[in-house]
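# Observations on chain architecture
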Amino acid sequence: MRDLFALRRKIPPGTRRILTLLSAWLLLALLGPMLAPHPPGEIISGEVFGPVSAHAWLGTDYLGRDLCSRLLWGIRYTVAICMMSTALSCCAGIFLGIATTVTPVWVERVLGRLMDGLLSIPSLLFALLVVATAGESAPALILTMAIIYMPGSYRTSRALALRIVRMDYITAARARGETRSFIILWEILPNMTDPLLSDIGLRFIYAVLLLSNLSFLGLGVQPPMVDLGSLVRENILGMAYGAPAVVVPTLVIALLTVGINLTLDRGRV
Amino acid sequence: MSAPLISVRGLCVTGSGRHAQPVPIVRDVSFDVRQGEVLALIGESGSGKTTIALTLMGYARPGCRISAGEILVAGYRVDRMTIQELRAFRGKTVSYVAQNAGTAFNPALTVMAQVLEPALAHWVMPRREAERKAVELFRAMALPDPERIGARYPHELSGGQLQRLMAAMALMTDPEIVIFDEPTTALDVTTQVDVLQAFRSVIADRGITGVYVTHDLAVVAQIADRAVVLRHGTVQEAGSAEQILLAPREPYSRELVAASRIAPRAAAEMPDQDAAPVLTVSDLVVGYGPKDEEGLPARRILNRVSLTVPAGGTLGIIGESGCGKSTMARAISGLQSRAAGSLTFRGEALAGDVARRTAEQRRRLQLVSQNADLVLNPAWTIGAILDRVLVFFHGMDAVSARAETLRLLELVKLPPSVAERRPGALSGGQKQRVNLARALAARPDLILCDEITAALDPVVAAAILDTLAELQKALGLSCIFITHDLHALRAVCDRVAVLLGGHVVEECDAASLLEGVHHPYTRLLSGSVPEMRVGWLDDVMAERVMALPETGNGIGRQAGRDGCPFVPRCGVFNGDLCVNGPVPVRVEPAGHRHIACTHTPEALGRLMPDFQNDMEQTGGMI
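Residues numbered from 1 in each chain as written. Chains lettered and ligands numbered in written order. Predicted model: local features only at pLDDT ≥ 70, side-chain atom pairs only at ≥ 80, totals over all residues. Heavy atoms only, no water.

### Some details on the packing of aromatic side chains
Basically, it comes down to this: Classification of ring pairs rests on two measures: the distance between centres of Phe, Tyr or Trp rings, Trp counted by its six-membered ring, which must be within 6.5 Å, and the angle between planes, read as stacked under 30 degrees, edge-to-face over 60 and tilted in between. A simple rule labels every residue: compare its accessible area, found with a 1.4 Å probe on the protein chains alone, to the largest value its type can have, and call it buried under 20%, exposed over 50%, or partly exposed in between. To sit over a ring, a charge needs its Lys NZ or Arg CZ within 6 Å of the ring centre and within 35 degrees of the ring normal.
Enumeration according to the criterion identifies eight aromatic pairs over all chains in this entry. Each ring, one from B:F392 and one from B:F393, has its centre 5.0 Å from the other, and the planes form 85°; the classification is edge-to-face. Owing to a relative accessible area of 24%, B:F392 belongs among the partly exposed residues under this scheme. An aromatic cluster is built from B:F180, B:F199 and B:Y212, whose rings are joined through pairwise contacts. Sitting over the face of the ring of A:F182, B:R388 holds its NZ or CZ atom 3.8 Å from the ring centroid.

Given below as structure tokens:
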């Protein structure tokens, strides 16, 4: 436990805040459904778009199901899918981004153009295309979003690594005869963790927005699974009544993205 | 006697930490400068010398403020002036010459436009007249082609020229006081002499009162009348320049003076000349650009360089910036590929690329590079950095590696607690020691030291050189010592190679560097190292016959690729052979000298008759 505190003190405060926030959301995604008062598919009330009550804490949805329970499940899917795709895209992007600074020039020429190509395709369009052809499963969504956000991560980490690779300690490691992967993972990566964490946080936000967009269009997470975007879509009729069923999921999306964004901004100042 | 022109009383400058208490940077400093005098502010980095100089212009760096004291400059109470008053005062009454002229000029404007700026900004004179005045100042500064140099851009001029242009800019408004902030520190010694001379003559001609910030005591001896020794923002000693240099009273001043007089290595330690050399470099060519008819790069950084490093001895490589010293280090350590030539290390051929060398070869040849700030990974602890080398080369387990690491730290005279710290928490000297320890961790046969003391204060540098010499003796290491500093070179080296424009112009014993016959460039180089002696500069200027740095010798020819790179500056130019080459290498038996010159050693001896006597008189001073 003491070690953990010692570690905590070593991390700069900006990074610490963003890590705390991300792990809080992850915890909610893991534990949330266990706290749900009702099963997500159970119709608990005859009243649709019901108001907040003791029985249904956040009201009921368009079928009279408990919104609070559905929301907790929705957060699990949104956070899990986005975190996995972000993890995938950033791992690949960061590794390739650093690697191209220590490999022969032609590798970056080829890979760089490939990434440019991917970057030039509008992300929503690309996602629609893939989902339309490959079907709407969670793994397909994760993989698609990972591919969409990899080039950005690749660019950022390459720019950061280019500055570091010129340092004499990298030269010293090369003169010692260290392998490329050692140089990438142990010499370069530890010196860029802070800016990279901000980048990862940003990509997570993009992923949340893209997934919500896709689900809102009906191409994302499919019933009986539910995520924040599809919650908004299925309850869109409640808009006319100002029902909590449409307002609350929208607010949660905003809370998730804006919250992380603000934390990142504070970390940067 | 008249009242002093500058009078500082009880000056304090404090810096405000973001969370912490205000940190005093300068504490209770008082001094006076009379009209026409030059005061030197001497100290190591962090002693507050630049901070004090800047307060004379009413300026404190961001985060700092002048918290107490009285600053009276030319009748103005600078510490009480408003921003508007200061704007009229700076650049007109007091002007400033900064350390690095290379970065102080705007690359997008011609130098004339920038030199005129202070005169036009202060409405001192019309543009036409200002231009005339600028040309006159260029001439006073001994700049080449004073009529036309103003139309050029900063990148077209050398560092020494820019430094003089910057001084011209400072003098445009005829200020009463000029602050020189380490103006020659970034220059080569051969250039420094000219710049110092130019500064000194304008100071004398125009009756300027100067404040000269420097850490180099030899420069103080040439230019200053009085000196103030600073440490940690307090005055240690104040007095006349001569008294401080020759008879310092305070312990710290004595330490500073002692560090500037590094004793040359005793000649008795010379290794056996006949023993097999540990490293032989032959006909090394490194270059870039398109290939020429020989299949070698047309633009060469190193051109057919041959050197040998005696086993157990130290070869010094000396030369000015841009002569190819660092490229040599990189080529030998395999970080820079070579176009031609061969390296033989302990009887084995060395591949040009480090990736194709064996682990054993990499272990036995270690590079210690110049900038200790960049060479230690800031994310690692010192212990981890040293452990890694031990694990990598000797396959040690974590426990024995750590024990060995602590032993290495002791060897380079660092406390064991350093092992847990990161490079950011160490001083420059400590980092350089860790850098040295890392090379030693590999248990090498040969270490390549590339300017290892260039970024350090003299006292710290002297201590590092001591440690290096001790370790070399204890461990039987061979060493290549690359430097631009003749003092450092003489302190540690047995043999010396003088590098100029990618050619080795001379190779000789370090002990005999200041006596006998030498290449004209070697002579210029050794004659340009400032001595801590008042009047040295006059002597140097008086005998400038063999070599005429910068201003040139009027031949106006550049050497061809195989010609002598010293042609444009040579005082004993010998015709077309010098330009076209190949320049013969002649052996002078005394001191095992190899001199690449078209003159025979006897002829050189005749052309440079004063050398012997001159150096006997002053040799002890260096």
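### Some points on the pattern of salt bridges
Residues and elements named next belong to chain B. Stated precisely, the cut-off is as follows: Each salt bridge in this description consists of a side-chain nitrogen of Lys or Arg and a carboxyl oxygen of Asp or Glu lying within 4 Å of one another. Strands are runs of DSSP state E lasting at least 2 residues, helices are runs of H or I lasting at least 4, and numbering of each runs from the N terminus.
Under the counting rule described, the total for this entry stands at 32 salt bridges over all chains. A salt bridge links D79 to R77, with the nearest nitrogen and oxygen atoms 2.9 Å apart. Judged by relative accessible area, which is 22%, R77 ranks as partly exposed. Residue E360 pairs with R364 through a salt bridge whose shortest N-O separation is 3.1 Å. On the criterion of helical spacing, the pair formed by E360 and R364 is a turn pair, its members being four residues apart in helix α12 (residues 359-364). Overall, the relative accessible area of 39% leaves E360 in the partly exposed class. Owing to a relative accessible area of 19%, R364 belongs among the buried residues under this scheme. Here the salt bridges share partners, and the residues they tie into one network are R346, E360, R363, R364 and D445.

### Brief notes about the pairing of strand β10 (residues 234-240) of chain B
The following threshold applies: Strands qualify as paired when DSSP identifies two bridges or more between them.
Bridge count for strand β9 (residues 226-231) of chain B against β10(B) is six bridges, and the pairing is antiparallel. Looking across to β10(B), one finds that B:A227 is bridged to B:G239.

### Remarks on helix α7 (residues 168-176) of chain A
Residues and elements named next belong to chain A. In terms of burial, α7 is a largely internal element, seven of the nine residues being buried. Among all positions of α7, only Y169, I170, T171, A172, A173, A175 and R176 are buried. G177 lies just past α7 and shows a positive phi near 95°.

### Regarding the UniProt feature "domain: ABC transporter" (unreviewed entry) in chain B
We apply this condition: UniProt positions are given in the numbering used here, feature names are shortened, and annotations may be inferred rather than shown by experiment.
The positions that UniProt labels "domain: ABC transporter" (unreviewed entry) are, in the present scheme, residues 8-257 and 279-526 of chain B. Helix makes up 37% of residues 279-526 of chain B and strand 27%. Its end C-alpha atoms lie 26 Å apart.

### Quick look at empty space enclosed by the protein
All names here are of chain B. We count it as follows: Space inside and on the surface of the protein is sampled on a 1 Å grid over the protein atoms alone, with a cavity defined as a set of points where a 1.4 Å probe fits but cannot get out and a pocket as an open set with protein on both sides within 12 Å along at least 5 of 7 lines; lining residues have an atom within 4 Å of a point. Grid points are joined across faces, edges and corners, and a volume is the space filled by probe spheres set on the points. Gly counts as polar in this scheme, as do all residues outside two lists: the nonpolar Ala, Val, Leu, Ile, Met, Phe, Trp, Tyr, Cys and Pro, and the charged Asp, Glu, Lys and Arg.
Within the structure shown, the criterion is met by five cavities of 30 Å³ or more. Its volume calculated, the second largest cavity comes out at about 80 Å³. H519, P520, C564, F566, V567, C570, V572, F573, C578, V583, C597 and T598 together form the lining of the second largest cavity. A per-class count over the lining of the second largest cavity returns 10 nonpolar, two polar and no charged.

### Let's talk about the UniProt feature "domain: ABC transmembrane type-1" (unreviewed entry) in chain A
Using the residue numbers shown here, the UniProt feature "domain: ABC transmembrane type-1" (unreviewed entry) corresponds to residues 75-264 of chain A. Within the segment residues 75-264 of chain A, helix and strand shares are 81% and 0% respectively, and the terminal C-alpha atoms sit 21 Å apart.

### With respect to the pairing of strand β3 (residues 38-42) of chain B
All names here are of chain B. Of all five residues that make up β3, five are buried, and the element is covered over most of its length. The alternating pattern of β3 places V38, A40 and I42 on one face and L39 and L41 on the opposite face, and all of these are buried. Of the pairings in the sheet, the one linking β3 to strand β8 (residues 209-214) comprises five bridges and is parallel in character. Residue pairing across strands places I42 opposite T214, the latter belonging to β8. By the bridge criterion, four bridges tie β3 to β9 in an arrangement that is parallel. In the sheet register, L39 faces β9, and the bridge partner there is R226.

### Brief notes about the nonpolar core
Across soluble globular proteins, you tend to see nonpolar side chains buried next to one another. Residue and element names in this part refer to chain B. To keep it simple, the criterion reads: Take the buried residues of types Ala, Val, Leu, Ile, Met, Phe, Trp, Tyr and Cys, join any two whose side-chain atoms come within 4.5 Å, and each joined set is a nonpolar core. We call two residues contacting when some pair of their heavy atoms lies within 4.5 Å.
Counting residues in hydrophobic clusters, the biggest one holds 74 residues, and the most contacted among them are I382, I447, F481 and Y521. Aside from chain neighbours lying at most four places away, what touches I447 is Q366, L436, A439, L468, L477, S478, C479 and I480. Grouped together as the second largest cluster of nonpolar side chains are 65 residues, A98, A101, L162 and V219 included.

### Focus on the side chain of B:E507
All names here are of chain B. Along the chain, E507 falls in strand β20 (residues 503-509). Residue E507 is classed as buried on the basis of its relative accessible area, which comes to 11%. The contacts of E507, once residues within four sequence positions are left out, are S306, L307, T308, L315, R495, V496, A497, H592, R593 and H594.

### Description of the UniProt feature "transmembrane region" (unreviewed entry) in chain A
All names here are of chain A. If you check UniProt for "transmembrane region" (unreviewed entry), the listed places come out as residues 77-99, 119-149, 200-221 and 241-264 in our numbering. Secondary structure content for residues 77-99 is 100% helix and 0% strand, and the end C-alpha separation is 33 Å. The span residues 119-149 is 84% helical and 0% strand by assignment, and the distance between its end C-alpha atoms comes to 8 Å.

### Quick look at the packing of helix α14 (residues 382-394) of chain B against helix α16 (residues 428-441) of chain B
Residues and elements named next belong to chain B. Selection rule: All axes here are fitted lines through C-alpha atoms, helices being fitted over the stretch that makes contact, and every angle between N-to-C directions spans 0 to 180 degrees. Roughly parallel means an angle under 35 degrees; roughly antiparallel means over 145; roughly perpendicular covers 65 to 115; every other angle is labelled oblique. For a crossing to be left-handed, the near helix must be turned anticlockwise from the far one by less than a right angle; the clockwise case is right-handed.
At a closest axis distance of 9 Å, the pairing of α14 and α16 adopts a crossing angle of 15°. The angle between α14 and α16 falls in the class roughly parallel. Once α14 is placed against α16, the crossing between them reads as right-handed. Contacts between α14 and α16 involve I382, I385, L386, V389, L390 and H394 from the first element and V434, A437, R438 and A441 from the second.

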